[in-house]
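Here are the chains, one letter per residue:
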Amino acid sequence: MASSLTKDSARPGTPGSEKTFFGHPRGLATLFMTEMWERFSYYGMRALLPLYLVAPGGLHLDVATATAIYSVYVSMVYLLTMPGGWFGDRVWGPRKTVAVAGGVIMLGHLTLALPSSGTFYAGLGLVAIGSGLLKANISTMVGQLYDGPSDPRRDGGFTVFYMGINLGAFAAPLIIGTIGENVNWHLGFALAALGMALGLAQFLIGSRHLAERSSVVPTPLSAQEKSSTLRKAAIWAGIAVVFYAIVGFSGNYTLNWVLVPLTLLGVIVPTMVLVRIKRDKDLDRGEQSKMSAYIWFFVAAAVFWMIYDQGGSTLSIFADGSAENSVFGWAFPVSWYQSVNPVLIMALAPVFAWFWLALNRRGKEPSTIVKFGSGLVLVGASFFLFLAPLSIAEGGHKAAAMWLVAIYFVQTVGELLLSPVGLSVTTKMAPAKYASQMMGVWFLAVTAGDATTGLLSIAGVDLNKTNIVALEATLAVVAGVAVWMYRKKVKALMGDVR
């Protein structure tokens, strides 16, 4: 990356006259590499996770339990972005929070590398906590590199940063997945720890290039607030320890004693957060109206992510047992399917950006609501497409790999329609009082969607059955059509937001 650091020819003292990273502040290189290695570790482990859970040489769990664990894990990562942001704002500041997060993630992967089921679950918990702390704060530091929202380089900086995410996500299954599946599961998890260690090391070395305010705690806790927070945390931790000690010593403990509360938390917390914001009397009539419209987007997004994130669990487990994982006679590890989405994102995102600009110049760019509804219809269509390889497998044959690639392609197009729009509409519709918290609220839609998948799995629903896949597909298409049918009502609630 050093070769892309260039000296700007502008006179000293002007913005951008320092060494740059593709024309952006040099600190972006530090954050780009940190995020790339963190995503390398996260997506590498995630690609192995469902396969390890069902493998005879792994934990050898049934498919429903494996899907529940995977779904709960992903939902907790996104749920923990809210307390992660709180720590950055009120306790450590973004820079220290990211450094601590990197250490926690690395420790989590090392714990996963130990050949024990007990330490395995502890490792998952550590990675989820660390990811929540890091995800909420590293994007904040990207924004701090620029001279406010009006800096013309700002959007481009986030685009470069987003490429780091996808580079890490693309490489991880190819490297970590191959080692984990073909050599040793725990060596694969250890490689994820090495990736995070590299990311943490270069973050600490390059942190001098970050904005000075990244070390500042924006709204530090008062002594009274700190004492109250510690007391409440200790009480809840004590209740949990006593409860699980009683369950354990009574001989009644099963994995569901952990999975069920966490999945319920993943559904209840997002609901409570939305209700609290909607009922806030400090919001004026316009903000209340926008929040009513936003709830439509939130629920629709939860349905989208419920199906989309099964690309890493339901589809992966199906591929493991029922797909012909080869192209032109060349076999590849199942985990490699997880590289399809990031490489498609990198290829298609610029095309979509150009396409929207071209339509906008002609005054024909679809509205936010139409894009959102189309994304939902497409994710539903991807599961209708999934019915074909399911039928092939039920007939006693192996489904071709290209069926799965086609499903991931349709889902990726749906993601490019819905996800950027969702992020944009979240910032535009956020009430002034909750401006800094609303991005965390958007991530809660992922939490709610994955927690719903977890609840279905815990209830014994086989998500690889034709009727269930068809039902989920229909739900997404109906939700997309409903968003489109009620677009005028939602537009009216959105006020001046377009």
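For the structure given in this document, a descriptive report is provided here. What you see is a predicted model, and the numbers here were worked out from it, not measured in a lab.

A look at the side chain of glutamate 472
- Assignment of secondary structure puts glutamate 472 in helix 16 (residues 466-485).
- For the buried residue glutamate 472, which engages in no salt bridge, the nearest side chain bearing the opposite charge is lysine 465, 13 Å off.
- Reaching out from glutamate 472, the side chain makes a polar contact with the side chain of glutamine 310 at a distance of 2.6 Å.
- When residues no more than four places from it in sequence are discounted, the contact partners of glutamate 472 are Met306, Ile307, Gln310, Phe383 and Leu463.

Topic: the pattern of salt bridges
- Counting across every chain of the model gives five salt bridges.
- Note that arginine 90 is salt-bridged to glutamate 225, the shortest N-O span being 3.0 Å. With arginine 90 in helix 3 (residues 81-90) and glutamate 225 in helix 8 (residues 223-249), this pair connects stretches of sequence that are 135 residues apart.
- The salt bridge partner of glutamate 365 is lysine 371, with a shortest N-O separation of 2.6 Å.
- The exposure class of lysine 371 is buried, given its relative accessible area of 9%.

Regarding the nonpolar core
- Formed by 100 residues in total, the largest nonpolar core has its most connected members in Met45, Tyr73, Phe120, Tyr294, Trp305, Tyr337 and Leu404.
- No other element matches the 13 residues that helix 10 (residues 285-308) contributes to this core.
- Apart from the residues lying within four places of it in its own chain, the contact partners of methionine 45 are Tyr73, His109, Leu112, Leu124, Val127, Ile176, Phe189 and Ala192.

Comments concerning the packing of helix 8 against helix 9 (residues 256-278)
- Orientation of helix 8 relative to helix 9, taken along the N-to-C sense of each, is 145 degrees, at an axis distance of 12 Å. Residues Phe243, Tyr244 and Val247 of helix 8 touch helix 9, and the partners they reach there are Trp257, Val258 and Pro261.
- Partitioning the contact of helix 8 with helix 9 into residue classes produces six nonpolar, no polar and no charged.

Some points on the packing of aromatic side chains
- In the structure shown here, the tally under the stated rule is 27 aromatic pairs.
- Between tyrosine 78 and phenylalanine 443, the aromatic rings sit 5.8 Å apart at their centres with planes inclined by 45 degrees, giving tilted as the arrangement. Placement of tyrosine 78 in helix 2 (residues 63-79) and of phenylalanine 443 in helix 15 (residues 438-458) is noted, with a sequence separation of 365 residues between them. Both residues of the pair, tyrosine 78 and phenylalanine 443, count as buried.
- Seen in terms of ring centroids, phenylalanine 332 and tryptophan 336 are 6.4 Å apart; in terms of plane orientation they differ by 20 degrees. Their pairing is stacked.
- Owing to a relative accessible area of 12%, phenylalanine 332 belongs among the buried residues under this scheme.
- Looking at tryptophan 336, the relative accessible area reads 23%, which means it is partly exposed.
- One aromatic cluster is present, formed by Tyr52, Phe120, Tyr121, Trp185 and Phe189 through successive ring pairs.
- Directly above the ring of tryptophan 356 sits lysine 371, whose terminal nitrogen or CZ lies 4.3 Å from the centroid.

So, a nonpolar patch on the surface
- Among the surface-exposed residues, Val377, Val481, Trp484, Met485 and Tyr486 lie close enough to one another that they form a single nonpolar patch of about 470 Å² accessible area.
- When residues of the nonpolar patch are assigned to their parent elements, the largest contribution, three residues, is made by helix 16.
- Using a relative accessible area of 56% as the deciding quantity, one classes methionine 485 as exposed.

Description of helix 3
- Of the residues making up helix 3, those classed as buried are Thr81, Gly84, Gly85 and Gly88. The buried side chains of helix 3 occupy one side of the element, clustering within an arc of 95 degrees when seen end-on.
- Summarising the contacts, the buried residues of helix 3 are in contact with helix 2, helix 4 (94-112), helix 5 (117-144) and helix 15.

Some words on the environment of leucine 259
- Secondary-structure assignment places leucine 259 in helix 9.
- Put simply, leucine 259 and glutamate 324 are 65 residues apart on the chain and 32 Å apart in space, counted from C-alpha to C-alpha.
- Each residue touching leucine 259, except ones within four places of it in the same chain, is listed here: Ala68, Ile69, Val72 and Ile458.

Structural notes on the environment of leucine 357
- Looking at where leucine 357 falls in the secondary structure, it is placed in helix 12 (residues 340-361).
- Under the relative-accessibility criterion, leucine 357 is labelled partly exposed at 49%.
- On a C-alpha basis, the gap between leucine 357 and isoleucine 295 in space is 28 Å, while along the polypeptide they are 62 residues apart.

Section: the environment of arginine 39
- In this structure, arginine 39 sits in helix 1 (residues 27-54).
- Remark: the alpha-carbon pair of arginine 39 and leucine 133, spanning 94 residues in sequence, is separated by 14 Å.
- In contact with arginine 39, not counting residues within four places along its chain, are Gly44, Lys135, Ile165, Gly168, Ala169 and Ala172.

Thoughts on unusual backbone geometry
- For histidine 60, which is not a glycine, the phi torsion comes out positive at approximately 55 degrees.
- Residue placement: histidine 60 occurs in the loop between helix 1 and helix 2.
- Even without a glycine there, the phi angle at phenylalanine 328 is positive, about 55 degrees.
- By secondary structure assignment, the location of phenylalanine 328 is in the loop between strand 5 (326-327) and strand 6 (330-331).
- Residue classification places phenylalanine 328 among the exposed positions, given a relative accessible area of 87%.

Criteria and thresholds
- Residues numbered from 1 in each chain as written.
- Predicted model: local features only at pLDDT ≥ 70, side-chain atom pairs only at ≥ 80, totals over all residues.
- Heavy atoms only, no water.
- Helix = DSSP H or I, 4+ residues; strand = E, 2+ residues; numbered from the N terminus.
- Buried < 20%, exposed > 50% of the residue type's maximum accessible area, 1.4 Å probe, protein only.
- Lys, Arg positive; Asp, Glu negative; His and termini not counted.
- Salt bridge = Lys/Arg side-chain N within 4 Å of Asp/Glu carboxyl O.
- Polar contact = N/O pair within 3.5 Å; in protein donor to acceptor, adjacent residues only side chain to side chain.
- Contact = heavy atoms within 4.5 Å.
- Core = buried A, V, L, I, M, F, W, Y, C linked by side-chain atoms within 4.5 Å.
- Axes fitted to C-alpha atoms, helices over the stretch in contact; angles between N-to-C directions.
- Nonpolar A, V, L, I, M, F, W, Y, C, P; charged D, E, K, R; others polar.
- Phe/Tyr/Trp six-rings, centres within 6.5 Å; stacked < 30°, edge-to-face > 60°.
- Lys NZ or Arg CZ within 6 Å of the ring centre and 35° of its normal.
- Patch = residues over 30% accessible without salt bridge, like charges linked within 9 Å, V, L, I, M, F, W, Y side chains within 5 Å.
- Areas by Shrake-Rupley, 256 points an atom, 1.4 Å probe, with all protein chains shown as cover.
- Arc of directions from axis to C-beta.

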